[in-house]
Structure formats: C-alpha cells, structure tokens
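A closer look at the structure
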Amino acid sequence: MCGIIGIVGTKPVAERLIESLKRLEYRGYDSAGIAAQVNGVLERRRAPGKLRELEAVLAAHPLNATTGIGHTRWATHGAPTEANAHPHIAGRVAVVHNGIIENFAELKAELQAAGRVFESQTDTEVVAHLLDQALSTGLEPLEAFEATLKRLSGAFALCVLISGEDDVILAARNGPPLAVGYGQGEMFIGSDGLALGPFTNRVSYLEDGDHVIATHDRARIFNASGTEVVREIKTVPASAVLMEKGNYRHFMEKEIHDQPEGCQRTIAAYVDTLTGRATIAGVDFSTLERIQIVACGTSYIAGMIGRYLIEQLADLPVDVEIASEFRYRQPALRPGALAIAMSQSGETADTLAAFRHCAAAGMKTAAIVNATESTIAREADVVWPIHCGPEIGVASTKAFTAQVSVMIAIAIAAARDRNRIDAAEEQRLVRVLIEAPRLIAEAINLEGSIKDIAVEIAKARDVLFLGRGPMSALALEGALKLKEISYIHAEGYAAGELKHGPIALVDEATPIIILAPYDSWFEKSASNMSEVMARGGQVVFITDPDGAKHAPAGARVVVTAPASDPLVSALVMSAPIQLLAYHVAVVKGADVDQPRNLAKSVTVE
Ligand code: M6R
C-alpha cells in the first residue's frame, strides 16, 4: 500500500525523501512524488512508474529545501498517472495519504459547489482543499487540520505541508500506521520504522485517532479527543530496519534462503530445548472450546496448515476463514473460543476488522505477527511474534514458514494441555520441530534442479498444484506464489477433488505439480498422479526419498526433498515450491520483489 515519509530537516531533503521512499517500495506502488517548501512556496515533483522515473524528474528539476513530504502511491481512486500521484496541492496545502477517504465524493461535490477546482480523480485531493479552505478562514494550522480531520471518514494516514509555515509538518493516523521519528534538531514522520531507518532509531508509533504537529525540535501528539498525549519513544533495533539483499538478486531469493534461520529463531521462542516442552504463553488450551483463525493470502494458508495439525494432534476444533469473508457474514461466535489473527504485517485491513469482530464478541484474542508494533499486535490479548526479521519481497516466504512453525508449536502445546500426548511424545515432537530448520536448509539445496524445471514451467500458460492433507494447503500456496510473481495462471487443489472438475484441465501443455511426501496420504496422491499421466499430463512429483522409491513410473520430473516427520513436512516442502515460483519469475523477467498490482501490506479493503 502507499508509503509516506515527512521530514522537518536540516539537510537537503529531496535525496533523503527518495532514500526513504526506496525503503517503502516493498509495499507496492505505481507512482511516486515529493513536495517541499522552497523559500516558503510549495513545489512538487511527481512521476508515474518506479522511483527511477521520479529521480529522473528531480535530476532535471532539482528541489532545494530541507523540509518536505514524499509518497509512493498504490492506486485506488484514479489511474497511476502523474496527475493522480501524490502529493496533492490545493492553495497553501500539500498532502500525502495512505488509505481511502470514504466520504470523498460528497466532500468533493461540496467543495466544487464552493468553486474549488480539482486536478485529479483521487479521494485524497479533498483533504488538501478542505484544509486550505479551513486555513483561509484564519484558523491556525493545527486548528485547521483538526477541523479537516473531523470532516473525514474512512481509513487514512496523512502527512501535510503548509506554505508559509516553514519547518512544520502535520500528520494524522486513522487506521493505516504512522510513526514519528526523533532526530537531532530534526523530526520525521513515516509509514513504518523501515522508512525512518536511515535517519533515526528513536520512534513513537501513533495510536489510532492520533494527530501530530512536528517541528525541528518536538512533536506534539494529540489523541482522538484532542488531548495532548505522550507516546512512548522506543529504540528500534538495527535488525528491524536492515534492508540488505546481500549477494542475492532479489529480496525474495534472500528471504527463501533466510528460512532456516528465521524458523530456528521462531521455534526457539516457542520451545524449551532443555525440558522438551512447547511454550505457548498466555493461553490454556485445556479449557478452549475452539480456535478461530482469521487471515488473508499466504497467512490464511499457514492457518489452514495449522488447522490440520491442531485438530489432529490436540483434538481441538479449528476454523480458518478468509478475513474479508468472515467480517461480512454473521459467524456464530462464542466467548469460549480463541481468535487468532495471522498476519505478517499486522496491518491487513480485512484481518484487523475480522479480529476486532471476534474481540467484540468477547473472544480472547491472539496475534501471530511479524510486525510487533502493528495494530493487530497492539490490540491482541496475547502476541506470538514470528522472528524471521523484516520481510521485504511482496511474495511472502520466510514469514509463511515462521507462521507454520508457530502453528506447530501451538499444536504440540494444545495436545499436551488437552492430555492427548504424554511427556515423552511431547519431547519427541519438540525434537522433530527443532530439527526442521536443518531439513529446510537441505530442501533449499534442491535449487539447482528446481531452476532447470523452472525453465520448462515458464513456458506454461496454466499450472495445477495438487496435494492431500497439509499438502493440499501447500498446493494453494504453490499456486499463489507462482501466479503472483510470474503471472502464470495456477490453481491449487486438494488432490481428491481432481476427478470433480480439475481433471478436465489436464493436457500435455499443463504441468501438474503434485506434492506428496511418503505419508498416510501418499498412496492416494500416487493414484492421482497415475490418473493425470494416463491423460497425457506432465507431472512434476515433489516428494521425499521413500516417496521417490514408491512413485509410479512416468513422472516428467521427480524432486526428492529430505525425509521429514509429517509434523514438519509442510515446512520442508515449502522451499521447493517457493524456489520454483521464484525461478519461473526470473526466467520470465518479471519484477520479482514488486509484482504488478500487488501491495505488501493491504491496508484498505
Ligand atoms: O501481512 P499479511 O500476512 O496480513 O498479508 C496477507 C496477504 O496480503 C499476503 O500473505 C499476500 O497474500 C502475499 N502477497 C502472499 O505472498
């Protein structure tokens, strides 16, 4: 989603804004712009496309100033053109915005009736006009800003410059996150700690409803009722703002390779290696009636895998639902259940809304998040962080396996709390989990052979992924990864569904990727493989050494991942499908880290 940066600085601002916007690129965007106070006058530079286009504009028309605002725009209202790119200027006001002003149409009609002329199709421009209108009545900037905020409905993070008010930035948060950074005689506003990383590690996270006026040496923060408040200043650890690709070409490639370490750190947080126990703080699973997981995209798939494991090991009912559907139906919620929001970013609008819906029904809430300062984390009764480090590639990889790692630890803890396993079995399962990062590393070593397969898959128009049990969820993930970064149409199916429809897609041109470790579902998956091959289907069979021994002859390719206990096979089998999607995208020359139309964190519905 859109990224925001604002700087009240003492050094040339244009380069700093661009530096920060580069750190926000990962969120996904299709145009960018900056505005600054040049001798008391607002000037801006904008460009559709990537930041290099904006840099080219700046090279031709530099902006010499020390205070300014910048934006990466992910289009919602209006195409990604220069006219729709932020900042939007009306009179004395320049504004950048993340989110949606839901009542913009009626505000625009009102402003147009008052003679105001609009230059863009965006919802954002009404904010600039409203604020300029309020200023023209003689209000002070802060008063005018507060009057403007009262007129807006929807979800928004805003950052504003006012001409003639040198070295002042106004900002507000109502939904999408916003942080204040504290420098030496400088203040910063940013969408997240990553954006502020080059300038300061002293950061306050605004609460929902907060607004702020920042000058060189202070930021005055006010809450939703207008009372001045103090928000804790936290020191952001260097590891949380590191954004280096190292020797890798793409963040996604690096993040795939980061997984053994990311899972290891995550697992270490949820097991006690000395006692061999799973340690999930804050919830007693013995008294729980059920678990409700709400999530979107890859996080939803991690929840599906969790459901298999928790129900199987702990005999505890688990529902997993796509948050955008959950929030708009009337699910039968009961206080005796635990709601878990699964979200890498902790800011996904639908997940947050579904989560709040559960909290409002009196359910205890837990958050499995990567961003521990996120809204979902801050609103949860219990937070179970994943510890895989910032994930920059839009396609989620290391967050997914870290989420699954937490799900496995929960399954073990719940099974113990509900007396479904004894201490010896708990210790065995914990050992299996601790061993998983090593197996993930071995699976990543299959990269060479997967690269070769990718060359073939890159020619396909459609690809089918099949699996049973937890592998049926992983089939969905394989298809999601492939389609989002290579733009090849892909479907994931529970293999048992094959004969109920998808088999009609089988022909020589459609690769079928079957995920089948040698587990209790193997024979049935192998039969599905035979059915596909009998119809000319080209099968890529991803299995383990025993599965390779027992596989029916005739698969075009067999990928042999390391043998693993079914408890962790979803972790081990993830790397091959991620690597496959990655290398197909590379072969196709796609923009791996910032695929078209996608945003890293979807903070609007
Ligand atoms: O930040 P979240 O985990 O809540 O994000 C959920 C989805 O938007 C995300 O997983 C998305 O599907 C990814 N692009 C998948 O790679």
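Residues numbered from 1 in each chain as written. Predicted model: local features only at pLDDT ≥ 70, side-chain atom pairs only at ≥ 80, totals over all residues. Heavy atoms only, no water.

Before going further, it helps to examine the packing of aromatic side chains. Taken as a whole and assessed by the stated rule, the structure comprises three aromatic pairs. On the basis of an interplanar angle of 10 degrees and a centroid distance of 4.9 Å, the ring pair of phenylalanine 188 and phenylalanine 199 is categorised as stacked. Here phenylalanine 188, found in strand S10 (residues 187-190), pairs with phenylalanine 199, found in the loop between helix H6 (193-196) and strand S11 (202-205); they are eleven residues apart in sequence, far enough to count as distant. As far as burial versus exposure is concerned, phenylalanine 188 and phenylalanine 199 are alike and both buried. Ring geometry for phenylalanine 522 and phenylalanine 541: centres 6.0 Å apart, planes at 70 degrees, overall edge-to-face. Pair noted here: phenylalanine 522 is in helix H18 (residues 522-534) and phenylalanine 541 is in strand S26 (residues 538-543), with a separation of 19 residues, a long-range link. Under the relative-accessibility criterion, phenylalanine 541 is labelled buried at 0%. Through pairs of rings, three or more aromatic residues link up here, namely Tyr518, Phe522 and Phe541. (Phe/Tyr/Trp six-rings, centres within 6.5 Å; stacked < 30°, edge-to-face > 60°. Helix = DSSP H or I, 4+ residues; strand = E, 2+ residues; numbered from the N terminus. Buried < 20%, exposed > 50% of the residue type's maximum accessible area, 1.4 Å probe, protein only.)

Our next topic: the sheet that holds strand S27 (residues 557-560). Taken in spatial order, the five strands make up an open sheet running S24-S23-S25-S26-S27, and their pairing is parallel. Whereas interior strands pair on both sides, the edge strands pair on one side only; in this sheet they are strand S24 (489-494) and S27. Each strand axis lies, on average, 20 degrees off the axis of its neighbour in the sheet, ignoring direction. Alignment of strand S23 (residues 462-467) against strand S25 (residues 511-515), held across four bridges, turns out to be parallel. Within S25, the residue paired with phenylalanine 465 across the bridge is isoleucine 513. (Pairing = 2+ DSSP bridges. Axes fitted to C-alpha atoms, helices over the stretch in contact; angles between N-to-C directions.)

We now examine the UniProt feature "domain: Glutamine amidotransferase type-2" (unreviewed entry) in the protein chain. Residues annotated in UniProt with the feature "domain: Glutamine amidotransferase type-2" (unreviewed entry) correspond here to residues 2-217. Secondary structure within residues 2-217 divides into 27% helix and 33% strand; the distance between the first and last C-alpha atoms comes to 27 Å. (UniProt positions renumbered as here; feature names shortened; annotations may be inferred.)

Moving on: the sheet that holds strand S3 (residues 41-48). In space, the eight strands of this open sheet follow the order S3-S2-S4-S1-S10-S9-S11-S15, with antiparallel pairing throughout. The two strands at the open ends of the sheet, each matched to only one other strand, are S3 and strand S15 (234-235). Of the pairings in the sheet, the one linking strand S2 (residues 31-38) to strand S4 (residues 67-73) comprises six bridges and is antiparallel in character. The partner of alanine 32 across the bridge, within S4, is threonine 72.

What follows covers the pattern of salt bridges. In this structure the tally under the stated criterion is 38 salt bridges. Taking the shortest distance from any N to any O, the salt bridge between aspartate 462 and arginine 461 comes out at 3.1 Å. One network of salt bridges, with partners in common, ties together Arg173, Asp208, Arg356 and Glu379. (Salt bridge = Lys/Arg side-chain N within 4 Å of Asp/Glu carboxyl O.)

Around the ligand sit 13 residues, and of these Ser299, Ser343, Ser345, Thr348 and Glu484 come closest. Threonine 298 has a polar backbone atom sitting 3.1 Å from an oxygen atom of the ligand. In the environment of the ligand, an oxygen atom lies 2.4 Å from a nitrogen or oxygen atom belonging to the side chain of glutamate 484. Contact with the protein chains hides 92% of the accessible area of the ligand, taken as 410 Å² for the molecule alone. Considering only residue class, the shell around the ligand consists of three nonpolar, eight polar and two charged. (Near = heavy atom within 4 Å. Polar contact = N/O pair within 3.5 Å; in protein donor to acceptor, adjacent residues only side chain to side chain. Areas by Shrake-Rupley, 256 points an atom, 1.4 Å probe, with all protein chains shown as cover. Nonpolar A, V, L, I, M, F, W, Y, C, P; charged D, E, K, R; others polar.)

Turning our eyes to something else, we now look at the UniProt feature "domain: SIS" (unreviewed entry) in the protein chain. In the numbering used here, UniProt assigns the "domain: SIS" (unreviewed entry) feature to residues 281-420 and 453-595. Helix makes up 42% of residues 281-420 and strand 19%, whereas the separation of the span's terminal C-alpha atoms amounts to 19 Å.

So, on to the packing of helix H16 (residues 447-457) against helix H20 (residues 569-587). H20 packs onto H16 with a crossing angle of 50 degrees between their chain directions and a minimal axis gap of 8 Å. Classified by the angle their axes make, H16 and H20 are oblique. For the element pair H16 and H20, the recorded crossing hand is right-handed. Together, Glu447, Ile450, Lys451, Ile453, Ala454, Val455 and Ile457 of H16 and Pro576, Leu579, Leu580, His583, Val584 and Val587 of H20 make up the contact between the two elements. By residue class, the composition of the contact of H16 with H20 is ten nonpolar, one polar and two charged. (Parallel < 35°, antiparallel > 145°, perpendicular 65-115°, else oblique. Left-handed = near helix turned anticlockwise from the far one by under 90°. Contact = heavy atoms within 4.5 Å.)

A word on the environment of alanine 526. Structurally, the position occupied by alanine 526 is in helix H18. Taking relative accessible area as the criterion, alanine 526 reaches 6% and is therefore assigned buried. Separated by ten residues in the primary sequence, alanine 526 and alanine 516 have C-alpha atoms spaced 7.7 Å apart.

For a regular strand, the rule is simple: side chains alternate between the two faces of the sheet. Across four bridges, strand S12 (residues 211-214) lies against strand S13 (residues 219-222) in antiparallel orientation. What sits directly across from alanine 214, in S13, is alanine 219. Sheet analysis places S13 next to strand S14 (residues 228-229), joined by two bridges and oriented antiparallel. Note on S14: the bridge partner recorded for phenylalanine 222 is glutamate 228. Linking S13 to S14, which pair antiparallel, is a turn of five residues; within it glycine 226 sits at a positive phi near 90 degrees.

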